[in-house]
Amino acid sequence: MRLAILGSGLMGSKLGTIFARAGHDVVFSYSRSPKKLERLARAAGRHARAGTPGDAAHDADAVLLAVHWSRVDDVLAHAGDLTGKVVVSCTLPMNGDDRDLVVAHTSSGAEELARKLPDARIVGAFGTVPSEVLFDVFARRRRRVRPGLIYYGDERRAKKTAATLIADAGFDPVDAGPLRIARYAEPFTLLVAQLAYEGKGGPELAYRFEHLSS
Ligand SMILES: NC(=O)c1ccc[n+]([C@@H]2O[C@H](COP(=O)([O-])OP(=O)(O)OC[C@H]3O[C@@H](n4cnc5c(N)ncnc54)[C@H](OP(=O)(O)O)[C@@H]3O)[C@@H](O)[C@H]2O)c1
């Protein structure tokens, strides 16, 4: 697949690198440092390059949205027309200091995104995993039992694309249902973050969710 990475920070840089190493054509975009994007693309290998969000999204089969919630409108304005595109979002609707959700209970970041982009095909995925474990999971992807990773969305074919990317990253894709399930999944990420970063488990706690898929 041709993949546009919108936001090349902790999540975008790692997932983009993993997707490029899995053989997808990846364009890293949306950093304050063009040099960083070039560096990332070089390190990710021959399937990766740096570009602008518009350039990245134009020919993309799928777009990974990996920016802070406060940057969503800006990156979407730069990305241009996303009609018909699969948008896999790991973006969570967090406040400025990343302590609380600013959308919850009766809606979710994923559903708000679908309202912003009514002609795109939104799938929520990767938001429930700390970025620190991503390379490790990818390195162990041939193991028989893989950690489960949930995804949700309203469109069957878009979800199939997301499931392929999840499997390529080394996880077992677990279909959690329609996009509105994001209302429950996004608060769940706060629990994961609490346990991963403030508890004793550390980020590798993500592995403990492997039985989600059994
Ligand atoms: N980190 C995690 O473990 C994790 C896990 C699950 C979900 N998430 C969610 O995934 C999304 C991305 O998280 P992240 O940790 O990858 O974020 P991040 O490291 O801060 O990356 C955000 C990207 O947006 C870019 N950006 C461009 N213009 C910007 C501006 N004016 N101000 C700030 N950033 C700008 C950053 O540029 P630079 O390259 O210049 O910094 C960076 O490439 C968030 O919604 C987060 O809640 C994160």
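Residues numbered from 1 in each chain as written. Predicted model: local features only at pLDDT ≥ 70, side-chain atom pairs only at ≥ 80, totals over all residues. Heavy atoms only, no water.

**Some details on the environment of Arg 140**
Part 1: With respect to the helices and strands, the residue Arg 140 is situated in the loop between helix H6 (134-139) and strand S7 (148-153).
Part 2: Measuring from C-alpha to C-alpha, the distance between Arg 140 and Arg 39 comes to 25 Å, with 101 residues separating the pair along the chain. (Helix = DSSP H or I, 4+ residues; strand = E, 2+ residues; numbered from the N terminus.)

**Things to note about the sheet that holds strand S4 (residues 62-65)**
Part 1: Read from one edge to the other, the open sheet built from eight strands follows the order S3-S2-S1-S4-S5-S6-S7-S8, with strand pairing classed as mixed. This sheet does not close on itself; its edge strands, each paired only once, are strand S3 (48-50) and strand S8 (172-175). With direction set aside, neighbouring strand axes in the sheet form an average angle of 25°.
Part 2: In this sheet, strand S6 (residues 121-125) lies alongside strand S5 (residues 86-89) in parallel orientation, the contact comprising four bridges. Of the residues in S6, the one forming a bridge with Val 86 is Arg 121.
Part 3: Contacts from helix H5 (residues 109-116) reach S4, S5 and S6 within the one sheet, and its direction differs from that of S6 by about 165°.
Part 4: Of the strands in this sheet, strand S1 (2-6), S4, S5, S6, S7 and S8 touch helix H7 (residues 156-168), which is tilted by about 160° from S7. (Pairing = 2+ DSSP bridges. Axes fitted to C-alpha atoms, helices over the stretch in contact; angles between N-to-C directions. Contact = heavy atoms within 4.5 Å.)

**Overview of the side chain of Ser 29**
Part 1: Along the chain, Ser 29 falls in strand S2 (residues 25-29).
Part 2: Taking the relative accessible area as the measure of exposure, Ser 29 reaches 0% and is therefore buried.
Part 3: Look past the residues within four positions of Ser 29 in its chain and what remains in contact with it is Ile 5, Leu 6, Gly 7, Ser 8, Leu 37, Gly 51, Thr 52, Pro 53 and Ala 56. (Buried < 20%, exposed > 50% of the residue type's maximum accessible area, 1.4 Å probe, protein only.)

**A short note on the nonpolar core**
Part 1: By size, the foremost hydrophobic cluster in this structure holds 38 residues, and its most contacted members are Met 11, Phe 19, Val 26, Phe 28, Val 88, Phe 126 and Phe 171.
Part 2: With 30 residues, the next largest nonpolar core counts Val 63, Val 67, Ile 150 and Ala 185 among its residues. (Core = buried A, V, L, I, M, F, W, Y, C linked by side-chain atoms within 4.5 Å.)

**With respect to the site of the ligand**
Part 1: As a matter of local geometry, the ligand sits amid 22 residues, with Met 11, Ser 31, Arg 32, Lys 36 and Val 67 nearest to it.
Part 2: Measuring from a nitrogen atom of the ligand, one finds a side-chain N or O atom of Arg 71 at 3.3 Å.
Part 3: At 3.3 Å from an oxygen atom of the ligand is found a main-chain nitrogen or oxygen belonging to Cys 90.
Part 4: About the coverage of the ligand: the protein hides 78% of its 880 Å² of free accessible area.
Part 5: Class assignment for the residues of the shell around the ligand results in 11 nonpolar, eight polar and three charged. (Near = heavy atom within 4 Å. Polar contact = N/O pair within 3.5 Å; in protein donor to acceptor, adjacent residues only side chain to side chain. Areas by Shrake-Rupley, 256 points an atom, 1.4 Å probe, with all protein chains shown as cover. Nonpolar A, V, L, I, M, F, W, Y, C, P; charged D, E, K, R; others polar.)

**As for the packing of helix H1 (residues 10-21) against helix H2 (residues 34-44)**
Part 1: Axis separation between H1 and H2 bottoms out at 9 Å; the angle between their running directions is 35°. As H1 runs across H2, the sense of the crossing is right-handed. Touching Ser 13, Thr 17, Ala 20 and Arg 21 of H1 are Leu 40, Ala 43 and Ala 44, all from H2.
Part 2: Classifying every residue of the contact of H1 with H2 gives four nonpolar, two polar and one charged. (Left-handed = near helix turned anticlockwise from the far one by under 90°.)

**With respect to the pairing of S1**
Part 1: For S1, a buried count of four out of five residues is recorded, marking the element as mostly surrounded by other parts of the structure.
Part 2: When S1 meets S2, the two strands line up parallel, connected through five bridges. Bridged to Leu 3 within S2 is Val 26.
Part 3: With H1 bridging S1 and its parallel neighbour S2, the resulting β-α-β unit is right-handed.
Part 4: Sheet topology note: the S1/S4 ladder contains four bridges and is parallel. Pairing of Ala 4 across the sheet is with Val 63, part of S4. (Right-handed = clockwise from strand over helix to strand, strands pointing away.)

**So, the pattern of salt bridges**
Part 1: Enumeration over the complete set of coordinates arrives at nine salt bridges.
Part 2: Salt-bridge contacts for Asp 74 lead to Arg 71; the nearest nitrogen and oxygen are separated by 3.2 Å.
Part 3: Taking relative accessible area as the criterion, Arg 71 reaches 39% and is therefore assigned partly exposed.
Part 4: We note a salt bridge from Glu 111 to Arg 183, for which the minimum N-O separation is 2.8 Å. Here the residue Glu 111 occupies a position in helix H5, and Arg 183 occupies one in helix H8 (residues 182-198), the gap between them amounting to 72 residues.
Part 5: You can call Glu 111 buried: its relative accessible area is 9%.
Part 6: With relative accessibility at 22%, the residue Arg 183 sits in the partly exposed group. (Salt bridge = Lys/Arg side-chain N within 4 Å of Asp/Glu carboxyl O.)

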